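Letter by letter, the chains look like this.
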Amino acid sequence: MTSFPLRRKLAVLPLVLLPLGALAACGGENSKTSCGVDSCTVTFDRGVDASASVLGVKAELVKVQGETVTLKVAGQTLTVPVGDGEQAEGFNVSVQSVTADNVVVKISNSG
């Protein structure tokens, strides 16, 4: 039988490690990320070099032309209209919105 203090420490351990996993899962330059277990929403700033590391891959905003966004995800270049999606290297990539200031993209595991 496990002692009570040991059980308590074991129960708290995943909660202590959770922030470390969240920090490792996403982040970027000139972008904001919000990640779950198998998907991330990335808000890229426009007019600057913007990139994010999400789900183990790098995503970059290449250019925006009207309602069409060109991204580089896991080394693959995609051109995606707002409201539509494409696949790249096992990920679903969809453009949720484009404004004068930013571009919002959702990246999720396709499996």
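Below is a short write-up of the structure. The structure displayed is predicted, hence computed values, not measured ones.

For the rest of this paragraph, the subject is unusual backbone geometry. One non-glycine residue with positive phi stands out, namely Asn-30, at about 60°. Tracing the sequence through the fold places Asn-30 in the loop between β1 (26-29) and β2 (31-35). By relative accessible area, which is 31% here, Asn-30 ends up partly exposed.

The subject of this paragraph is the nonpolar core. Side chains that are nonpolar tend, in soluble globular proteins, to be buried together. The biggest cluster of nonpolar side chains holds 22 residues, and the ones touching the most others in it are Phe-44, Leu-71, Val-73, Val-95, Val-103, Val-105 and Ile-107. For this core, the elements supplying multiple residues, two or more each, are β3 (39-45), β4 (50-54), β5 (57-65), β6 (68-73), β7 (76-81), β9 (91-98) and β10 (102-109). For this core, the element with the highest residue contribution is β9, accounting for 4 residues.

Mapped onto the secondary structure, Ser-39 falls in strand β3. Accessibility expressed as a relative area gives 17% for Ser-39, which makes it buried. Contacts of Ser-39, omitting those with residues within four sequence positions, involve Ser-34, Leu-55, Lys-106, Ile-107 and Ser-108.

Okay, the state of the cysteines next. The final tally for this structure, using the stated rule, is 1 disulfide. With a sulfur-sulfur separation of 2.1 Å, Cys-35 is cross-linked through a disulfide to Cys-40. Given an S-S torsion of about 115°, the disulfide between Cys-35 and Cys-40 has right-handed geometry. Using a relative accessible area of 1% as the deciding quantity, one classes Cys-40 as buried.

Another point: the sheet that holds β10. Pairing between the strands of a sheet is mediated by backbone hydrogen bonds and can be parallel or antiparallel. Spatially, the 5 strands line up as an open sheet ordered β2-β3-β10-β9-β8, and their pairing is antiparallel. Among the strands making up the open sheet, the edge pair consists of β2 and β8 (85-88). Here the average twist between neighbouring strands, direction ignored, is 20°. Bridging between β8 and β9 involves 4 bridges; their strand directions are antiparallel. What sits directly across from Gly-85, in β9, is Ser-94.

Relative to β10, β3 runs antiparallel, the two being bridged by 7 bridges. When the sheet's bridge partners are listed, Thr-41 is paired in β10 with Lys-106. Pairing of β9 with β10 involves 7 bridges; the strand directions are antiparallel. Residue pairing for β10: Ser-97 is matched across the bridge by Val-104. In textbook terms, the turn of a hairpin is the stretch between consecutive antiparallel strands, and for β9 and β10 this stretch comprises 3 residues.

Definitions and cut-offs
- Residues numbered from 1 in each chain as written.
- Predicted model: local features only at pLDDT ≥ 70, side-chain atom pairs only at ≥ 80, totals over all residues.
- Heavy atoms only, no water.
- Helix = DSSP H or I, 4+ residues; strand = E, 2+ residues; numbered from the N terminus.
- Buried < 20%, exposed > 50% of the residue type's maximum accessible area, 1.4 Å probe, protein only.
- Core = buried A, V, L, I, M, F, W, Y, C linked by side-chain atoms within 4.5 Å.
- Contact = heavy atoms within 4.5 Å.
- Disulfide = S-S within 2.5 Å.
- Pairing = 2+ DSSP bridges.
- Axes fitted to C-alpha atoms, helices over the stretch in contact; angles between N-to-C directions.

Note that all results are geometric; they support no functional claim without further evidence.
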